[in-house]
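Understanding the architecture of this molecule
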Amino acid sequence: NLLNTYDYLLNKFIIIHLDEKFTDIKDIESKFETSITNLQNNINKKIILTTFNNNLDYYNNLNIKKINFKDLQNQDLINSKVLIIENIPMMHFHNLMKNSYANISCHSGLFVHSSLALSKITIDIMNKSQETWLNTWIDYKKDYIKIYKSTNNKIYNIDDILASIYEQFKRI
């Protein structure tokens, strides 16, 4: 059954969905890979990065194993601590999200709303200046967490952002 494809991984991983909204994060092009590795070591869960047709500099700089969905094997998911899955079809993406421990993005709309509909821990990375607008689309959910990539007077780097995410995991 396609809807149960990833049930064997239930709560053993988090998803971070990568798109163009990561480009304004300070040090994303040079420190992202190290920051992801540190987060994975701290939370002791697999990290699955997902993306679709991503050709941005920060993404191209990553030396993490990248697998196009059509070439993905279960062993890749089992054996990898950090893995990038490219171009995953929506049904598989939805099932992967359903089985994750938490889902993280820079407010990728469909991703955030799907995660919340599945009652998953959803971490939304955003600029404080966009919060009012983004809040119009989010009902209060107990599993919804906001992390700022900038406030009125500060731009946070990728280490700070992922450290904030780790602090949230420690509270859950």
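Below or above, wherever it landed, is the structure these notes cover. (Residues numbered from 1 in each chain as written. Predicted model: local features only at pLDDT ≥ 70, side-chain atom pairs only at ≥ 80, totals over all residues. Heavy atoms only, no water.)

**Details of helix α5 (residues 109-117)**
Within the span of α5, buried status applies to Phe111, Val112, Ser114, Ser115 and Leu116. Residues of α5 that are buried in the fold lie against β1 (13-17), α4 (90-99), β5 (102-105), β6 (121-127) and β7 (144-150). Immediately beyond the C-terminal end of α5, within one or two residues, lies Ser119, with a positive phi of roughly 60°. (Buried < 20%, exposed > 50% of the residue type's maximum accessible area, 1.4 Å probe, protein only. Helix = DSSP H or I, 4+ residues; strand = E, 2+ residues; numbered from the N terminus. Contact = heavy atoms within 4.5 Å.)

**A short note on the sheet that holds strand β3 (residues 66-68)**
Within a sheet, each strand pairs with its neighbour through backbone hydrogen bonds, oriented either parallel or antiparallel. Ordered in space as β3-β4-β2-β1-β5-β6-β7, the 7 strands form an open sheet in which the pairing is parallel. A single partner strand is all that each edge strand has here, and the edge strands are β3 and β7. Recorded for the sheet is a direction-independent mean angle of 25° between the axes of neighbouring strands. Where β1 and strand β2 (residues 46-51) come together, 5 bridges link them in parallel fashion. When the sheet's bridge partners are listed, His17 is paired in β2 with Thr50. Relative to the sheet, helix α7 (residues 158-171) contacts β1, β5, β6 and β7, its axis offset from that of β7 by approximately 160°. (Pairing = 2+ DSSP bridges. Axes fitted to C-alpha atoms, helices over the stretch in contact; angles between N-to-C directions.)

**Thoughts on the environment of Ile104**
The topology assignment puts Ile104 in strand β5. Residue Ile104 is classed as buried on the basis of its relative accessible area of 0%.

**Observations concerning the nonpolar core**
Judged by nonpolar contacts, the single largest core of 31 residues is most densely connected at Ile16 and Phe32. With residues up to four places along the chain from it excluded, the contact list for Ile16 reads Phe22, Ile36, Leu39, Ile47, Ile48, Leu49, Thr50 and Ile104. In terms of nonpolar packing, the next biggest core, distinct from the first, is built from 16 residues, Ile15, Ile67, Leu83 and Ile88 among them. (Core = buried A, V, L, I, M, F, W, Y, C linked by side-chain atoms within 4.5 Å.)

**Re the layout of surface pockets**
Approximately 170 Å³ is the volume attributed to the largest pocket. Together, His17, Thr51, Phe52, Asn87, Ile88, Met90, Phe93, Met97, Ser108, Leu110, Phe111 and Ser114 line the largest pocket. Among the elements of the structure, α4 and α5 are those that each provide at least two residues to the lining of the largest pocket. Considered class by class, the residues forming the lining of the largest pocket number 7 nonpolar, 5 polar and no charged. (1 Å grid on protein atoms, 1.4 Å probe; cavity = no way out; pocket = protein on both sides within 12 Å on 5 of 7 lines; lining within 4 Å. Points joined across faces, edges and corners; volume = space filled by probe spheres on them. Nonpolar A, V, L, I, M, F, W, Y, C, P; charged D, E, K, R; others polar.)

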